[in-house]
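# Structure assessment
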Amino acid sequence: MYLQPLAQSALLAAYAAQGHRLHKTRGGFACIPAQVTTSSKIDARVFTIRPIRWLEEAYLVTLDDPQFPKVVTLNARGIAHARELVAHNNSLEKVS
């Protein structure tokens, strides 16, 4: 399945986040990395609603509220596609 590069980045960010979720913040949808366990400053990618809607149209995520989402969660299809992307990226790194 073809996804635009920004949508792929959002998918991979959600895959690496706690609970495979992106949470709405002031700047957009951000991922909380899985390794963060205490309150501290973190660097996280933030995505606007547009790539989130692309993922929704591809049936890769579930929104908590269709009109005004606050939490975006990868569904089983999204997790499987993210695993494929990670495997593909790893195979490309081994070839180079």
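These numbers come from a predicted model, not from an experiment.

### Remarks on the pairing of strand β2 (residues 29–33)
Burial runs high along β2: four of the five residues are buried. Where strand β1 (residues 17–24) and β2 come together, four bridges link them in antiparallel fashion. Bridge pairing in β2 places Lys24 opposite Phe29. In sequence, β1 turns back onto β2 through a hairpin of four residues, with Gly28 there showing a positive phi of about 145°.

### Focus: the packing of aromatic side chains
Enumeration over the complete set of coordinates arrives at zero aromatic pairs. When the ring centre of Phe29 is taken as origin, the NZ or CZ atom of Lys24, which lies over that ring, is 5.6 Å away.

### A closer look at the sheet that holds β2
In spatial order, the strands read β3-β2-β1-β5-β4; together these five strands make up an open sheet with antiparallel pairing. Two strands close off the open sheet at either side, each with one partner strand: β3 (46–47) and β4 (61–63). As paired strands, β4 and strand β5 (residues 71–74) are joined by three bridges and run antiparallel to one another. Opposite Thr62, over in β5, you have Thr73 as the bridge partner. Here helix α2 (residues 49–57) sits on the sheet and contacts β1, β2, β3, β4 and β5; the angle it forms with β4, its principal contact strand, is near 115°.

### Topic: the side chain of Thr73
Note that Thr73 resides in strand β5. A polar atom in the side chain of Thr73 sits 3.3 Å from the side chain of Arg21. Residues within four places of Thr73 in sequence aside, it is in contact with Gly19, His20, Arg21, Leu60, Val61 and Thr62.

Procedures and definitions
- For every chain, the first residue of the written sequence is number 1, and numbering continues from 1 along that sequence.
- Local features in this predicted model are restricted to residues whose pLDDT is 70 or higher, and side-chain atom pairs enter the listing and the counts only when it is 80 or higher, whereas totals over whole chains, interfaces and linings include all residues.
- Based on all heavy atoms of the structure, the side-chain values leave hydrogens and waters out of the count.
- Burial status follows relative accessibility: with a 1.4 Å probe on protein chains alone, a residue under 20% of its type maximum counts as buried, one over 50% as exposed, and anything between as partly exposed.
- The numbering of helices and of strands both runs from the N terminus, where a helix is a DSSP run of H or I of at least 4 residues and a strand a run of E of at least 2.
- Here, a strand pair is defined by DSSP locating no fewer than two bridges between the strands.
- Only Phe, Tyr and Trp rings take part, Trp by its six-membered ring, and two of them pair if their centres are within 6.5 Å. Stacked means planes under 30 degrees apart, edge-to-face means over 60, and tilted covers everything else.
- A ring is scored as having a charge over it whenever the NZ atom of a lysine or the CZ atom of an arginine sits within 6 Å of its centre and within 35 degrees of its normal.
- Throughout, a contact is declared for two residues whenever any of their heavy atoms are within 4.5 Å.
- To obtain each axis, a line is fitted to C-alpha atoms, and for helices this fit is confined to the stretch in contact; angles are then taken between N-to-C directions over 0 to 180 degrees.
- Polar contact is defined as a pair of N or O atoms within 3.5 Å, subject to the rule that within protein one atom must be able to donate a hydrogen and the other to accept it, and that residues adjacent in sequence are counted only when both atoms are side-chain atoms.

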